[in-house]
Amino acid sequence: YTDQFGDSIEAQNERHRQSRHKERIRSVEDILKDPKTCPEESVYQLGTKDGHEDPALFVQVFLELKDEIEKHYGSNIKVLDWALHMDEATPHIHERHVFFADDGYGTNFPKQDKACEALGFERPDPEKKSGKNNNRKMSFDAEIRRIYIEIAEKHGITIEKVPLEGKEHLEKNDFIIAKQEEVKAANAIYIAEQELKI
């Protein structure tokens, strides 16, 4: 953040000093921690706990995706870091990146929507107002998913492209709770069966 946005932050702070708005001055650390300008994290995986790809092949697919992102979108997005996690049932990769665009003064600043616009992405429905369910980032994510699937298929990995009917996307904690409820229900059936035998 210091290398990429330090000049922009300092120039912005100088403008605040000149306009006597010292309360608006922010450090690089402030920009890094602000929910509107902090890095975004994506989680990638191939498979489920019931079956997954070889982690070495998974890393190869991810690295090709990372190269494609940098090649096509590196003018407005920077991959900061990534890590393969093998500590849970399914190997997965956490990747952090930041979107940036011109701040209007000739330097870059973390601006997700402006970056997606500069990269040529439109809202899924350009006729409707921009919002949580209709924004350029959604179009960007859909394109990254398309590229990810294409790379995986090139390596012989089949990925379901259409979500399962009746299934809604769950946030991680909701998914964990739903899985725990399934286990509890299965345990209750088992206990009832054992009680009948006794």
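What counts and what doesn't
Residues numbered from 1 in each chain as written. Predicted model: local features only at pLDDT ≥ 70, side-chain atom pairs only at ≥ 80, totals over all residues. Heavy atoms only, no water. Core = buried A, V, L, I, M, F, W, Y, C linked by side-chain atoms within 4.5 Å. Buried < 20%, exposed > 50% of the residue type's maximum accessible area, 1.4 Å probe, protein only. Helix = DSSP H or I, 4+ residues; strand = E, 2+ residues; numbered from the N terminus. Contact = heavy atoms within 4.5 Å. Polar contact = N/O pair within 3.5 Å; in protein donor to acceptor, adjacent residues only side chain to side chain.

K.L.:
Can you help me understand the nonpolar core in this one?
P.N.:
In summary, soluble globular proteins display a tendency toward joint burial of nonpolar side chains. Grouped together as the largest cluster of nonpolar side chains are 27 residues, with contacts concentrated most on Y44, L46, V61, L65, Y73 and F140. Mapped onto this core, the elements with two or more residues apiece are α3 (55–73), β5 (92–99), α4 (112–118) and α5 (136–154). Sequence-distant contacts of F140, defined by excluding residues within four places in its chain, comprise Y73, I77, F99, C116 and F121. Of all hydrophobic cores here, the second largest spans seven residues; its members include Y1, F5, I9 and F109.

K.L.:
Whenever I open this one, the side chain of D103 confuses me. Can you help?
P.N.:
If you trace the backbone, D103 turns up in the loop between β6 (101–102) and β7 (108–109). There is a polar contact of 2.8 Å between the side chain of D103 and the side chain of S8. A polar atom in the side chain of D103 sits 2.6 Å from the side chain of T107. The contact partners of D103, leaving out residues within four places of it in the chain, are S8, R15, F109 and K111.

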